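Overview (structure and organization)
Single-letter residue listing:
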Amino acid sequence: MAEIRFAGYGGQGIIRSGIIVGKAASLYDNKYGTMSQSFGPEARGGACSSQLVVSETKVLYPYVTNSDVLVVMSQEGYDKFEPELKENGILLVDENLVKHKPPRGDIRVHLIPATRFAEQLGKKIVANVVMLGFFTAITGIVTYEAMEKALPGSVPEKALDLNIKAFEKGYNFGLELQKKQKDPQ
Amino acid sequence: MKADQRDVLSGVYYIDGDVAAGYGALAAGCKFIAGYPITPSTEAAEAFARIAPKSGALFIQMEDELASVSAIVGGAWAGAKTMTITSGPGYSLMMETVGFGAMLETPFVLLNIQRGGPSTGVPTKTGQADMMQARWGSHGDYGLIAIAPESPQELFDYTIKAFNLAEKYRCPVMIMSDECVGHMTEKVVIPPAEEIEIEPRRWYTGSPDEYVPFKPDKDLVPRMVKAGSGHKLYISGRLHDERGYPVDDEHYKLKYVRRLVDKIKCNKDKIIELKEEQIDDADVIVVSYGISSRVAIRGIEMARERGIKVGSLRLVTVWPFPDERITELAKKVKALVVPEINYGQVVFDVARCCHGNANVVLVPHGGAGVHVPDDICDAIVSVAKEERKIEEVIEFKTKLEISVFGGGLKSKE
Amino acid sequence: MNEIITTFAQALEKADVKPDQVCVPSDILFEPETVKRFGFDYFHTTRGRAIAFGTGLKLANPALKVVPFAGDLMTIGGNHFVHGSRRNMELTVICINNFVYRKIAGKSAPSAAQKFSPYSTFEEPFNIPHLGNSCSAIYTARWTALHTEELAASIAEALGKKGLSVIEILAPGPDYYTGISKVNVDLVRFYYDNSEIRNNEDPKNVGIKPDSRIIVGKFTSKERPTFIDQYNAQLSSVLGEKFIPHGIRSGADPGGKNGGD
């Protein structure tokens, strides 16, 4: 079972990110994926997060208590949720948006210039999908194939190609990063 | 009868509970929803409003909840299957007309995505504190049915069932879901139309001149006709005889209102749906409903890992209440543990049915969240060790309550 | 009340509307004999909800003629009237008004029907035709219960119109419970005697005021698309062929009179 949290601010597609991964896991990877969104005064424009629990069996408790993976795209999200990461948890950070403090020794931090990549692709708005590619490569919680199937219908049809490019950008960056980490030199 | 293909969006979806309920209503043959937006039920109305026009059904946003529920009672008498959707304050506003609908023996469905109360409370977070309001919210005596789904899939499936029960027993049916399930996104499978069973209305087909609107069949439920079809209907929320004519006396009060109660009571066995797990060897049984039963299963697993023989009785239908089954189980076990997201509602009906044969433990939760499974597990473990017979309902001190109130809050043990 | 129902029945005949397609949701309790005599379907709803209930009847089966009879229209049911008018829901609203100033034309009106006002009333009443007209109701009129011919003509005309019409009737309150019919007859006679017919008067000038005559008449009549017309137009413009216009699959269709679907 994996508890995943996506954190950022309203308008970045944080909720959408939870839905896409949850959909990939439950519809195409044959797992159970339960997504809940944080509503509340903070949901409009301000801090925003979505929680996803992915499991081999039915998810009984639907919320994230201690996350295995935290994907952050805002400073506030980072500050608020970094402490809830489990020991050995994975922290994925958009380094263009978040200044990360000296990391906790017990977690694995992976940085990606997601917003810059998205801008290079032509639209800043797809930064969250770059993050999803990165997430898929680093964590392996969902498969590349499942994510590929989950994207159509989850993003505007006109922007599907762009989103696929963004996803692949993040995914390839993640794979290379892992290769480097495994095999420095 | 099978569902109409035009109403069933067969396929596999990743949607939230609210949306699933909207899809379920359409699949059930609902042709008319009137509602007034209120968090956290708005998405259900939105979902229906989006799909209804492609299927010849209609959603209207009324001016308030009083209008919404009045309109769907009217719509039902015009021949349509109807529903309204609300939460918290809106639910309170609808209560008068729930009793009106029950008095007129109108089939309709009310979806309540429960949120934290009282008053405005916590609009965006969960609660289960409307359960007694569902049962007793409108003045006077009447029977009704309430169902508590625990997942988006169930919000689809049980919305259909709610419509079927409403038609079969001609009474209001409450879908008592909550924000957690309503805003939870999961896989939902919508089967082909031919796999969905739909209960048709109990139409009267005899001569219009001989129609007696409130003359019951053997199962105590009368037959219906459509307004505007030449039956000279006289339908009133006032106490009435079988013709519908106003009467005042004790005799009719007893006869008619008794039937409103009895048509649910006497058909209880057909209405009630329970899900039992690991009951056979159990010393302790967790009695729960809705989202709490889902979390409870995890608590039960944890307690089993600690060697406690514990099972689950899930009330899929909460009203009518399964008195007999609880009485029977209370004789076999040491204790019944009731987690609910309130400070004690359904637990008192559990206690009533136990007749002192088992200890009854309430695991309360103030709302704006769900129980953590540890709390349910701890309650199971501690009551399994309890040797005394305790007459009152025992209130279990959860970690959350201890952390908020310190040691100051005393349980009744 | 029976007199008003009789006038209503005459209006149905005049408008060539068959009673069996007529539904009367009402917050006023009519006697069964009255309803049976005239043959429409009658629903005695909760206080103030005649229009809301009627909206449900109409939307679930657009073939019905729905005529809400409202006694609590302006108070507990006020919001439904305002929004029903705005939407132009196809309803012929008959509003029985028994709230009148104590002093009209310098004379005291009997006010025995005002049970909650043992010392008579002093609040400003609603100008119902003006309110209806401001909210875009398509037809407004006011008569006393004794203007039977004019009233029947107004109701008949309103029944032929597509949209929300409101006809205010100055009449005693329902005497079903009070049984003080003598006073009520005096009261309605008093209204009649102190009324003045002014057809086509701007509704803003027809408020009922102390020490002046009661203006009655047919005030306004206009055309405007109904709720269902607007709904069908809007949805088909957005959804095109995917849209099934409302009414096609509604309660009006399959299985004959009693349903059978």
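Residues numbered from 1 in each chain as written. Chains lettered and ligands numbered in written order. Predicted model: local features only at pLDDT ≥ 70, side-chain atom pairs only at ≥ 80, totals over all residues. Heavy atoms only, no water.

1. Remarks on the sheet that holds strand E4 (residues 67-72) of chain A
Strand order in the open sheet formed by eight strands is E6(A)-E5(A)-E4(A)-E1(A)-E3(A)-E2(A)-E9(B)-E1(B), and the pairing between neighbours is mixed. Looking at strand neighbours, the two that pair on one side only are strand E6 (108-112) of chain A together with strand E1 (11-16) of chain B, the edges of this open sheet. When the angles between neighbouring strand axes are averaged without regard to direction, this sheet yields 20°. Helix H1 (residues 17-27) of chain B rests against E1 and strand E9 (184-190) of chain B of the sheet, and its axis sits at about 130° to E1 of chain B. (Pairing = 2+ DSSP bridges. Helix = DSSP H or I, 4+ residues; strand = E, 2+ residues; numbered from the N terminus. Axes fitted to C-alpha atoms, helices over the stretch in contact; angles between N-to-C directions. Contact = heavy atoms within 4.5 Å.)

2. Some points on the interface of chain B and chain C
In this assembly, 51 residues from chain B lie in contact with 51 residues from chain C. Interface area for chain B against chain C, summed over the two sides, is near 4,300 Å², with a carbon-plus-sulfur share of 59%. Sorting the residues of chain B by area buried against chain C places Glu63, Lys232 and Tyr234 of chain B first, and these three jointly supply 15% of that buried surface. Summed over the shared surface of chain B and chain C, the result is one salt bridge. One salt bridge in this structure joins Arg87 of chain C and Glu63 of chain B, with 2.7 Å as the shortest N-O distance. Where chain B packs against chain C, one counts 15 residue pairs in polar contact (both at pLDDT 80 or more). Elements that contribute at least two residues to the side of chain B that touches chain C include exactly strand E2 (30-35), strand E3 (58-61), helix H3 (65-77), helix H4 (88-103) and strand E10 (234-236) of chain B. Sorting elements by how many residues they give to the side of chain B that touches chain C places H3 of chain B first, with eight residues. Tallied by class, residues from the side of chain B that touches chain C come to 25 nonpolar, 15 polar and 11 charged. (Buried area = accessible area lost by both parts, 1.4 Å probe. Salt bridge = Lys/Arg side-chain N within 4 Å of Asp/Glu carboxyl O. Polar contact = N/O pair within 3.5 Å; in protein donor to acceptor, adjacent residues only side chain to side chain. Nonpolar A, V, L, I, M, F, W, Y, C, P; charged D, E, K, R; others polar.)

3. Remarks on the side chain of Glu63 of chain B
Turning to its location among the elements, Glu63 of chain B is positioned in the loop between E3 and H3. Residue class for Glu63 of chain B comes out buried when judged on its relative accessible area of 8%. Within polar-contact distance, the side chain of Glu63 of chain B engages the side chain of His80 of chain C at 2.9 Å. At 2.7 Å, the side chain of Glu63 of chain B and the side chain of Arg87 of chain C are in polar contact. Residues contacting Glu63 of chain B, with those up to four places away along its chain left out, are Tyr36 of chain B together with Asn79, His80, His83 and Arg87 of chain C. (Buried < 20%, exposed > 50% of the residue type's maximum accessible area, 1.4 Å probe, protein only.)

4. Details of the sheet that holds strand E11 (residues 274-277) of chain B
Residue and element names in this part refer to chain B. Spatial strand order, E11-E13-E12-E15-E16-E17: six strands in an open sheet with mixed pairing. With partners counted over all chains shown, the strands left at the sheet margins are E11 and strand E17 (394-395), one partner each. The sheet contact formed by E11 and strand E13 (residues 310-315) spans four bridges and is antiparallel. Across the sheet, the residue bridging to Leu274 is Leu315, located in E13.

5. Remarks on the interface of chain B and chain A
In many analyses, interface size is given as the accessible surface area lost on bringing the parts together. Counting from both sides, the interface comprises 23 residues of chain B and, opposite them, 19 residues of chain A. Interface area for chain B against chain A, summed over the two sides, is near 1,700 Å², with a carbon-plus-sulfur share of 62%. The interface formed by chain B and chain A contains one salt bridge. Between Lys58 of chain A and Glu150 of chain B there is a salt bridge whose closest N-O contact spans 2.5 Å. At the surface where chain B touches chain A, the tally comes to five residue pairs in polar contact (both at pLDDT 80 or more). Among the secondary structure elements, those contributing two or more residues to the side of chain B that touches chain A are E1, helix H7 (179-182), E9 and helix H10 (291-305) of chain B. In terms of residue count, H10 of chain B provides more of the side of chain B that touches chain A than any other element does, six residues in total.

6. As for helix H6 (residues 160-182) of chain A
All names here are of chain A. Helix length check: H6, at 23 residues, gives a terminal C-alpha distance of 33 Å against a target of 33 Å (1.5 Å per residue), a fit within 8%. The set of residues buried in H6 consists of Leu160, Leu162, Asn163, Ala166, Phe167, Gly170, Tyr171, Gly174 and Leu177. Of the surrounding elements, those touching the buried residues of H6 are E6, helix H3 (114-121), helix H4 (127-139) and helix H5 (144-150). (Expected span 1.5 Å × (residues − 1).)

7. Details of the packing of H3 of chain B against H4 of chain B
When two helices pack together, their arrangement is given by the angle between their axes and by how far apart the axes lie. Residues and elements named next belong to chain B. The interhelical angle for the contact between H3 and H4, taken along N-to-C directions, is 30°, at an axis separation of 8 Å. Of the possible angle classes, the one that applies to H3 and H4 is roughly parallel. For the pair H3 and H4, the sense of crossing is right-handed. Along its contact with H3, which presents Glu65, Leu66, Ser68, Val69, Ser70 and Val73, the element H4 presents Gly90, Leu93, Met94, Thr97, Phe100 and Gly101. Looking at side-chain class alone, the contact of H3 with H4 contains six nonpolar, five polar and one charged residues. (Parallel < 35°, antiparallel > 145°, perpendicular 65-115°, else oblique. Left-handed = near helix turned anticlockwise from the far one by under 90°.)

8. Things to note about the domain arrangement of chain C
Residue and element names in this part refer to chain C. Domain annotation of chain C identifies domain 1 (2-224) and domain 2 (226-261). Domain 1 puts 14 residues into the contact, and the matching count from domain 2 is 11 residues. Together domain 1 and domain 2 conceal approximately 840 Å² of surface at their shared face, both sides included; 60% is due to carbon and sulfur atoms. The three residues of domain 1 that bury the most area against domain 2 are Leu59, Pro62 and Arg87, which together make up 42% of that side's buried surface. Counting across the interface, domain 1 meets domain 2 through zero salt bridges. The interface formed by domain 1 and domain 2 holds four residue pairs in polar contact (both at pLDDT 80 or more) in total. (Domains from an automatic or database assignment.)

9. Some words on the packing of aromatic side chains
Using the criterion set out here, one finds 22 aromatic pairs over all chains in the structure. Look at Trp319 of chain B and Phe321 of chain B: their rings are 5.8 Å apart centre to centre, the planes differ by 40°, and that puts the pair in the tilted class. The pair Trp319 of chain B / Phe321 of chain B is uniform in exposure class, with both members buried. The aromatic ring of Phe117 of chain A is capped on one face by Lys169 of chain A, whose charged end is 4.7 Å from the ring centroid. Positioned over the ring face of Trp136 of chain B is Arg135 of chain B, at 4.0 Å from the centre of the ring. (Phe/Tyr/Trp six-rings, centres within 6.5 Å; stacked < 30°, edge-to-face > 60°. Lys NZ or Arg CZ within 6 Å of the ring centre and 35° of its normal.)

10. Structural notes on the nonpolar core
Among the nonpolar cores identified, the biggest contains 98 residues, and Trp77 and Val350 of chain B together with Leu57 of chain C are the most heavily contacted of them. Looking at this core, the element that brings in the most residues is H4 of chain B, giving seven residues. Contacts of Val350 of chain B, omitting those with residues within four sequence positions, involve Val287, Phe321, Ile326, Leu336, Val338 and Val360 of chain B. Counting residues in hydrophobic clusters, the runner-up holds 80 residues, among them Val19, Cys30, Ile33 and Val109 of chain B. (Core = buried A, V, L, I, M, F, W, Y, C linked by side-chain atoms within 4.5 Å.)

11. Considering the pattern of salt bridges
All names here are of chain B. Within this structure, the stated rule accounts for 44 salt bridges over all chains. Here Lys161 and Glu273 are joined by a salt bridge, their closest N and O atoms 2.5 Å apart. Here the residue Lys161 occupies a position in helix H6 (residues 152-169), and Glu273 occupies one in the loop between helix H9 (268-271) and E11, the gap between them amounting to 112 residues. Lys161 sits in the partly exposed class, given a relative accessible area of 22%. Salt-bridge contacts for Asp281 lead to Arg304; the nearest nitrogen and oxygen are separated by 2.8 Å. One end of the pair, Asp281, is in the loop between E11 and strand E12 (284-288); the other, Arg304, is in helix H10, and 23 residues separate them in sequence.

12. Comments concerning the arrangement of the chains
Contact analysis covers two pairs of chains in contact, and the most contacts occur between chains B and C. Nothing in chain A touches chain C; the tightest C-alpha to C-alpha distance between them is still 18 Å.

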